[in-house]
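These are the residues of each chain, in order.
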Amino acid sequence: MSPVRQSFRGKELKPSESLKIDAFSMRIADIEGVELDRLHALSLSVGWPHRAEDWQFLRETGHGFVALDEIGRVLGSAMWFEHGPDFATVGMVITSPRLQTLGAAQWLMQRVFDKIPQRDLRLNATRAARRLYLSLDFQPEKTVYQCQGIARVPTTESPAEAPGDIRILDASDIPATIALDAAGFGVKRPALIERLFAHSVGYGLFDGNKLTAFALCRPFGRGHVVGPVVAESDADAVAILRPHVADHSGTFLRVDTHMDSGEFAAFLSHAAMPVFDTVLTMSLGKRLADFAARGEASPKTYALASQTLG
Ligand SMILES: CC(C)(COP(=O)(O)OP(=O)(O)OC[C@H]1O[C@@H](n2cnc3c(N)ncnc32)[C@H](O)[C@@H]1OP(=O)(O)O)[C@@H](O)C(=O)NCCC(=O)NCCS
C-alpha cells in the first residue's frame, strides 16, 4: 500500500522538505535495571569499544544513572566508583549524539553530585567532554596516553636482567597488590583490585617475599587491556609489562598511561602500541599532587586500570 498522500483540490501535494519533531522529555533511572544491550548500544553510538561484558563489569564495580526517553531507550549515562568515604572516580559519561550540547550531560552530572556530595572526584575527560567538566569546576591535571595496537615483543631491545623474581599472582597476593596500588593511585581501592583480580592475569615482581611491582591484564573492548601497572622505576614497569605483551603477541592490546617519555613509553611504542588518542585527567576537590606518595623510590602508577576507572 502506498503511504497516505496529501492532496488539495485534486492536486497532489509534495511532502515538506523539513519536519519538526517535538522535543521529548527524559527521566532518570538507576543503571542497575537497564538491559545490557541498551547500554552497549549507547557506547557504540559514540564509537567506544566497550563490550556488553565490560558494561557488566563496571556495573558490578560502581553505580550509575541512565537517562531514558518515554519508551525506555537509553539516551545517556553517568557512573561513579567510590573508594572509601571521601573519594570517587567518575566515568561512562555519555549522551546520545542526537542529544548532545542540549544540557543532558550537565543534568546527569548534577545527579551524580547529589549522590556523592563532598567527595574528591577524579576522571579522565575526552576532548568532547573538557568544556563540560571545566564548567563543573574540575581542574586539568595531566594527559593520559591511550596506547594500543597488535602487540609484539620488541626485537630491537635486549631485555635488561630482571630486577627480581617475576611470577604469576594469586589470591594470596591481593593484600600486597592493594597496598602497592594505593601507593601509586593515592587512594586505597580494595574492592576494585579484588574484582580486577577475578577477571585478570597478574604478574608480580618480587624482591624476596616483597611485591615491588605488578601488572594486571584482562579482556576489554577489542582485545585485552593491561592495568593497573604499578612499579618503582621504568625498568621494573617494563619488566612486569613484558610478559603480558608476550602472552598477547599478535593480538590487540591496550595500555592507558600518564607516561609521555622514558623507558616505559618507549617500550610501548616498540611493542607496536603507539599513542592512539589522549584524554585529560581532571580533579575536583583535592588535586592529584595532594595524593602523591613522597620519596625517591615511591611506587608510581604506570598504567591506569582503565580510562573509566582511573
Ligand atoms: C561529552 C558529552 C558527554 C557531553 O554531553 P552533552 O550532553 O553534549 O553535554 P551538555 O549539553 O550538558 O554540555 C555541557 C557543556 O559542554 C558544552 N558542549 C557540549 N558539547 C560541545 C561541543 N561539541 N562543542 C562545544 N561545547 C560543547 C555545552 O555547551 C555545555 O557548556 P556550558 O556548560 O558552558 O553551557 C557528549 O558529547 C558525549 O557523550 N560524547 C562522547 C562520549 C564522551 O566523550 N564522553 C565523555 C567521557 S569523559
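Residues numbered from 1 in each chain as written. Predicted model: local features only at pLDDT ≥ 70, side-chain atom pairs only at ≥ 80, totals over all residues. Heavy atoms only, no water.

Participant: I tried to follow the site of the ligand on my own but got confused; where do I start?
Facilitator: Contacts to the ligand come from 21 residues, most closely from Val93, Thr101, Gly103, Gln106 and Thr126. Thr95 is positioned such that a nitrogen or oxygen atom in its backbone is 2.8 Å from an oxygen atom of the ligand. With respect to the ligand, the side chain of Thr126 contributes an N or O atom lying 2.6 Å from an oxygen atom. For the ligand, the accessible surface in isolation is 920 Å², of which the surrounding protein chains cover 75%. (Near = heavy atom within 4 Å. Polar contact = N/O pair within 3.5 Å; in protein donor to acceptor, adjacent residues only side chain to side chain. Areas by Shrake-Rupley, 256 points an atom, 1.4 Å probe, with all protein chains shown as cover.)

Participant: Any chance you could explain the pairing of strand β6 (residues 87-95) here in plain terms?
Facilitator: For a regular strand, side-chain orientation follows a simple rule: the groups alternate between the two sheet faces. Within β6, nine of the nine residues are buried, which leaves it mostly tucked inside the rest of the structure. Across seven bridges, strand β5 (residues 74-83) lies against β6 in antiparallel orientation. Opposite Gly76, over in β6, you have Thr95 as the bridge partner. Where β5 folds back onto β6 in an antiparallel hairpin, the turn is made up of three residues, including Gly84, whose phi is positive at roughly 75 degrees. Pairing of β6 with strand β7 (residues 120-125) involves four bridges; the strand directions are parallel. If you follow Val90 over to β7, its bridge partner there is Leu123. With helix α3 (residues 104-115) bridging β6 and its parallel neighbour β7, the resulting β-α-β unit is right-handed. (Buried < 20%, exposed > 50% of the residue type's maximum accessible area, 1.4 Å probe, protein only. Helix = DSSP H or I, 4+ residues; strand = E, 2+ residues; numbered from the N terminus. Pairing = 2+ DSSP bridges. Right-handed = clockwise from strand over helix to strand, strands pointing away.)

Participant: Hey, could you run me through helix α7 (residues 234-247) in this one?
Facilitator: Along an α-helix, residues three or four apart share an orientation, since each turn contains 3.6 residues. With 14 residues, α7 should cover 20 Å at 1.5 Å per step; its first-to-last C-alpha distance of 20 Å lies within 8% of that length. The principal kink in α7, of about 25 degrees, is found at Leu241, preceding the proline Pro243 by one to four residues. Of the positions making up α7, those classed as buried are Asp236, Ala237, Val238, Ala239, Ile240, Leu241, Arg242, Pro243, His244 and Val245. (Expected span 1.5 Å × (residues − 1). Bend = angle between axes of the 7 residues up to and from the residue.)

Participant: Help me understand the side chain of Thr95, please; the structure alone is not making it clear to me.
Facilitator: Tracing the chain through its elements places Thr95 in strand β6. In this structure Thr95 comes out as buried when scored by relative accessible area, which is 10%. Excluding anything up to four places from it in sequence, Thr95 contacts Val46, Leu75, Gly76, Gln100, Ala104, Ala105 and Leu108. (Contact = heavy atoms within 4.5 Å.)

Participant: Any chance you could explain the pairing of strand β11 (residues 210-220) here in plain terms?
Facilitator: In terms of burial, β11 is largely enclosed, as nine of its 11 residues are buried. Relative to β11, strand β10 (residues 201-207) runs antiparallel, the two sharing seven bridges. Residue pairing for β11: Phe206 is matched across the bridge by Leu211. Linkage of β10 to β11, two consecutive antiparallel strands, is achieved through a turn of two residues, within which Gly208 is found at a positive phi near 65 degrees. Across six bridges, β11 lies against strand β12 (residues 223-231) in antiparallel orientation. Considered in β12, the bridge of Cys217 is made with Val226. The hairpin formed by β11 and β12 contains two residues between the paired strands, and Gly221 there has a positive phi angle of roughly 55 degrees.

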